There are 2 protein chains.
Amino acid sequence: MHIFYTPDISQNTYTLNEEESKHCVRVLRLSKGTVVNLVDGVGGFYTAEITDDHPKKVTLSILNVETEFHKRNHYLHIAVAPTKNIDRMEWFLEKATELGIDEITPIITDRSERRVVKDDRLNKVITAAVKQSIKAYHPKLNEAISFDDFLKQPFDGQQLIAHCIDNQQKRYISDLVKPYEKYLVLIGPEGDFTPEEVDLALNKGYKPLTLGENRLRTETAALAVCFEINYLNR
Amino acid sequence: MHIFYTPDISQNTYTLNEEESKHCVRVLRLSKGTVVNLVDGVGGFYTAEITDDHPKKVTLSILNVETEFHKRNHYLHIAVAPTKNIDRMEWFLEKATELGIDEITPIITDRSERRVVKDDRLNKVITAAVKQSIKAYHPKLNEAISFDDFLKQPFDGQQLIAHCIDNQQKRYISDLVKPYEKYLVLIGPEGDFTPEEVDLALNKGYKPLTLGENRLRTETAALAVCFEINYLNR
């Protein structure tokens, strides 16, 4: 099954851009008459036939459309401090896309060593995972934002924060949330959130969660949250 | 907290090997009188003081020992086909060690593109994760073995196989196993197990499991199993 990501699809025909066309004809060796699949990132799953295999502008004719393809029964937004080693952030994005996530926001915290992220590169990782794992919905990657500014944004759902400070009663996600809702979870940087940041979040209504006894890296904690929320919504 | 992996510890004093000594003195800049921690990989968590900071043979004096440190309440053995790109296998080992796993066996299957793995390199990844996540137990990495030979080995516990063939009723791990037991889970290669391999496992008493609708990469499926088994044993 060959999948192409076509966010701007709107007609009964679609023409791949030069890069995708080259990939289609030169790398995948697909030719006229071949049936492929397209996903638009907003739930549309298309079956299409190659009607012109021009290596610079492959034209496709849409044969069938499924909307809300594998629509998720909940909404998960994870706001995570980007890791110092960006590879770790990238694999979190790849794995979270495979397991199921709706929105990601890189947050710059007091102890963040990395304060800049390249959205385009991270989005390519997400798109590749969308195609590889056959997802019709493309997770939304927001621009990096400071922790304080992020907390000022409204969110209509269940808000949680994962931190390692031992001064308070933390509970498992399974004890904190109900299924089929919207969730926003904050994950800190290597070195954790500062006590001030945690207090700020708690005052905004975030509930402190524990992921268990294990000491997890930032990206592992973020993926553990992704797994647990999806598990609770099966 | 500085952790050293000392599998051969036995006395009240311990001398780090040349590599670890150099790391301790030259990189971490630790000196005489500094208190560090040691893990022996079999449950021992030691507190020790540096009594000699010689850059080639650091000597430590044991101050305290905790046995069965964070002993796990279940036993998880995952047998997984090593990925074509060994980096994916390595990150699975790192993350599984953080989350909790007891034994890993690379299995060479009919469709395995990678048929050789370097144990020493993979063990270094596990050991680094053991130290980083403060684990007193070091997961056991077995030598790669053919799928057929692996199935001939006895296992006293619950045996599961994850595969993508749609010809049979598969159930969630949570519907298949009880907590606090021993689990052995088979994960196939890119391209999945062959129908013959699946039948062979089923005839050996393995139960087929599903990880849900998502199409997961080999290493993601293996980690999802690790997440779910640990979750069910909280």
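Per an unreviewed UniProt entry, chain A goes by Ribosomal RNA small subunit methyltransferase E and derives from Pedobacter psychrotolerans. You can read under Function (unreviewed entry) in the UniProt record for chain A the words "Specifically methylates the N3 position of the uracil ring of uridine 1498 (m3U1498) in 16S rRNA. Acts on the fully assembled 30S ribosomal subunit." Taken from UniProt, the Sequence similarities (unreviewed entry) comment for chain A reads in full: "Belongs to the RNA methyltransferase RsmE family."

Trainee: Just to check I follow, could you spell out the relation of the copies chain A and chain B for this structure?
Mentor: Relating the two copies of this chain is a rotation about some axis coupled with a shift parallel to it. The transformation that overlays chain A on chain B combines an axial shift of 0.0 Å with a rotation of 180°, and the residual RMSD is 0.0 Å. Those values place the two copies in the arrangement expected of a two-fold rotation axis. Within chain A, the C-alpha atom positioned nearest to the axis of rotation is that of Phe227(A), 3.8 Å from it. When you check the interface residues of chain A against chain B, 100% turn up at the interface there too, and the contact is symmetric in its surfaces.

Trainee: Help me understand helix H3 (residues 119–132) of chain B, please; the structure alone is not making it clear to me.
Mentor: An α-helix turns once every 3.6 residues. As a result, residues three or four positions apart point the same way. Between its first and last C-alpha atoms H3(B) spans 20 Å; for 14 residues at 1.5 Å apiece the expected length is 20 Å, and the two agree. Along H3(B), the residues classified as buried are Leu122(B), Val125(B), Ile126(B), Thr127(B), Ala129(B) and Val130(B).

Trainee: Would you mind showing me how to read the interface of chain A and chain B here?
Mentor: The figure often quoted for interface size is the accessible area lost as the parts come together. Opposite the 28 residues of chain A that make contact, chain B presents 28 residues. Summed over the three residues of chain A that lose the most area to chain B, namely Arg215(A), Phe227(A) and Arg234(A), the buried surface amounts to 24% of that side. The tally of links from chain A across to chain B stands at 9 salt bridges. A salt bridge links Lys95(B) to Glu219(A); the nearest nitrogen and oxygen atoms lie 2.7 Å apart. Summed over the shared surface of chain A and chain B, the result is 20 residue pairs in polar contact (both at pLDDT 80 or more). Elements with a contribution of two residues or more to the side of chain A that touches chain B: helix H2 (86–99) and helix H7 (218–232) of chain A. Counting residues per element, the side of chain A that touches chain B draws most heavily on H7(A), at 8 residues. Looking at the side of chain A that touches chain B residue by residue, the classes come out as 11 nonpolar, 6 polar and 11 charged.

Trainee: Hey, could you run me through the nonpolar core in this one?
Mentor: Across soluble globular proteins, nonpolar side chains show a tendency to be buried alongside one another. Counting 88 residues, the largest nonpolar core has Ile78(A), Phe92(A), Ile78(B) and Phe92(B) as its most contacted members. When sequence neighbours within four positions are dropped, the list of residues in contact with Ile78(B) reads Phe92(B), Ile101(B), Glu103(B), Ile104(B), Thr105(B), Val185(B), Ile187(B), Ala222(B), Val225(B) and Cys226(B).

Trainee: Please clarify how the packing of H2(A) against helix H2 (residues 86–99) of chain B should be interpreted in this entry.
Mentor: Each packed pair of helices is defined by two parameters, the angle between the axes and the distance between the axes. Packing of H2(A) against H2(B) brings their axes to within 13 Å, and their N-to-C directions diverge by 90°. Relative to H2(B), the element H2(A) is oriented roughly perpendicular. Across the interface between the two elements, Arg88(A), Trp91(A), Glu94(A) and Lys95(A) of H2(A) pack against Arg88(B), Trp91(B), Glu94(B) and Lys95(B) of H2(B). Here the contact of H2(A) with H2(B) is composed, by residue class, of 2 nonpolar, no polar and 6 charged.

Trainee: What is the right way to read the sheet that holds strand E3 (residues 35–39) of chain A from this model?
Mentor: As a general point, the strands of a sheet are linked pairwise by backbone hydrogen bonds and lie either parallel or antiparallel. Residues and elements named next belong to chain A. The strand order across the open sheet built from 5 strands is E1-E3-E4-E5-E2, with neighbouring strands paired in mixed fashion. Taken across any chain shown, the strands that pair with only one partner, and hence form the sheet edges, are strand E1 (3–5) and strand E2 (13–15). Taken over all neighbouring pairs, the strand axes of this sheet differ in orientation by 40° on average, direction set aside. Relative to strand E4 (residues 45–52), E3 runs antiparallel, the two sharing 5 bridges. Residue pairing across strands places Val 36 opposite Ala 48, the latter belonging to E4.

Trainee: Any chance you could explain the UniProt feature "domain: Ribosomal RNA small subunit methyltransferase E PUA-like" (unreviewed entry) in chain A here in plain terms?
Mentor: In the numbering used here, UniProt assigns the feature "domain: Ribosomal RNA small subunit methyltransferase E PUA-like" (unreviewed entry) to residues 16–63 of chain A. The span residues 16–63 of chain A shows a helical share of 21% and a strand share of 38%, and its end C-alpha atoms are spaced 16 Å apart.

Trainee: Can you walk me through the pattern of salt bridges in this structure?
Mentor: Where side chains of opposite charge bring their charged atoms close, a pairing between them can arise. Evaluation of the coordinates by the stated rule reveals 29 salt bridges over all chains. Residue Arg121(A) pairs with Glu90(A) through a salt bridge whose shortest N-O separation is 2.5 Å. With Arg121(A) in helix H3 (residues 119–132) and Glu90(A) in helix H2, this residue pair connects regions lying 31 residues apart in the sequence. Between Arg217(A) and Glu94(B) there is a salt bridge whose closest N-O contact spans 3.5 Å. Placement of Arg217(A) in the loop between strand E13 (207–210) and H7 and of Glu94(B) in helix H2 is noted, with the two residues assigned to different chains. Judged by relative accessible area, Glu94(B) falls into the buried class, the value being 13%.

Trainee: In this structure, what is going on with the sheet that holds strand E2 (residues 13–15) of chain B? I would like to understand it.
Mentor: Residue and element names in this part refer to chain B. One open sheet accounts for 5 strands, arranged E1-E3-E4-E5-E2; its pairing is mixed. The open sheet has two free edges, formed respectively by strand E1 (3–5) and E2, since each of these has just one partner strand. Geometrically, the sheet is characterised by an average inter-axis angle of 40° between neighbouring strands, direction not taken into account.

Trainee: Would you take a moment to explain the side chain of Gln158(A) for this structure?
Mentor: Residues and elements named next belong to chain A. Within the secondary structure, Gln 158 is located in strand E10 (residues 158–162). Residue class for Gln 158 comes out buried when judged on its relative accessible area of 13%. Setting aside residues no more than four positions away along its own chain, Gln 158 makes contact with Leu 176, Val 177, Lys 178, Glu 181, Lys 182, Tyr 183 and Leu 184.

Trainee: I keep staring at the pairing of strand E5 (residues 59–66) of chain B and nothing clicks. Help me out?
Mentor: Looking along a regular strand, one sees side chains alternate from face to face of the sheet. All names here are of chain B. Looking at chain direction, E2 and E5 are connected through 3 bridges and run antiparallel. Note on E5: the bridge partner recorded for Thr 15 is Thr 59. Examined bridge by bridge, strand E4 (residues 45–52) and E5 share 7 bridges and lie antiparallel to one another. Within E5, the residue paired with Asp 52 across the bridge is Thr 59. Count of turn residues in the E4/E5 antiparallel hairpin: 6 residues.

Trainee: Please clarify how the packing of aromatic side chains should be interpreted in this entry.
Mentor: Given two aromatic rings, their pairing is described by the distance between the two centres and the angle made by the two planes. Enumeration according to the criterion identifies 8 aromatic pairs over all chains in this entry. Plain terms: the ring middles of Tyr231(A) and Tyr231(B) are 4.6 Å apart, the flat faces sit at 55° to each other, and that makes the pair tilted. Here the residue Tyr231(A) occupies a position in helix H7, and Tyr231(B) occupies one in helix H7 (residues 218–232), the pair thus bridging two chains. Grouping residues by exposure puts Tyr231(A) and Tyr231(B) together as buried. For the pair Phe45(B) and Phe69(B), a centre-to-centre distance of 4.2 Å together with 15° between the ring planes defines the contact as stacked. Residue Phe45(B) is located in strand E4, and its partner Phe69(B) is located in the loop between E5 and strand E6 (75–80); the two are separated by 24 residues in the primary sequence. Using a relative accessible area of 6% as the deciding quantity, one classes Phe45(B) as buried. Judged by relative accessible area, Phe69(B) falls into the buried class, the value being 12%.

Procedures and definitions
Residues numbered from 1 in each chain as written. Chains lettered and ligands numbered in written order. Predicted model: local features only at pLDDT ≥ 70, side-chain atom pairs only at ≥ 80, totals over all residues. Heavy atoms only, no water. UniProt positions renumbered as here; feature names shortened; annotations may be inferred. Least-squares fit on C-alpha atoms with pLDDT ≥ 70 in both. Contact = heavy atoms within 4.5 Å. Helix = DSSP H or I, 4+ residues; strand = E, 2+ residues; numbered from the N terminus. Expected span 1.5 Å × (residues − 1). Buried < 20%, exposed > 50% of the residue type's maximum accessible area, 1.4 Å probe, protein only. Buried area = accessible area lost by both parts, 1.4 Å probe. Salt bridge = Lys/Arg side-chain N within 4 Å of Asp/Glu carboxyl O. Polar contact = N/O pair within 3.5 Å; in protein donor to acceptor, adjacent residues only side chain to side chain. Nonpolar A, V, L, I, M, F, W, Y, C, P; charged D, E, K, R; others polar. Core = buried A, V, L, I, M, F, W, Y, C linked by side-chain atoms within 4.5 Å. Axes fitted to C-alpha atoms, helices over the stretch in contact; angles between N-to-C directions. Parallel < 35°, antiparallel > 145°, perpendicular 65-115°, else oblique. Pairing = 2+ DSSP bridges. Phe/Tyr/Trp six-rings, centres within 6.5 Å; stacked < 30°, edge-to-face > 60°.

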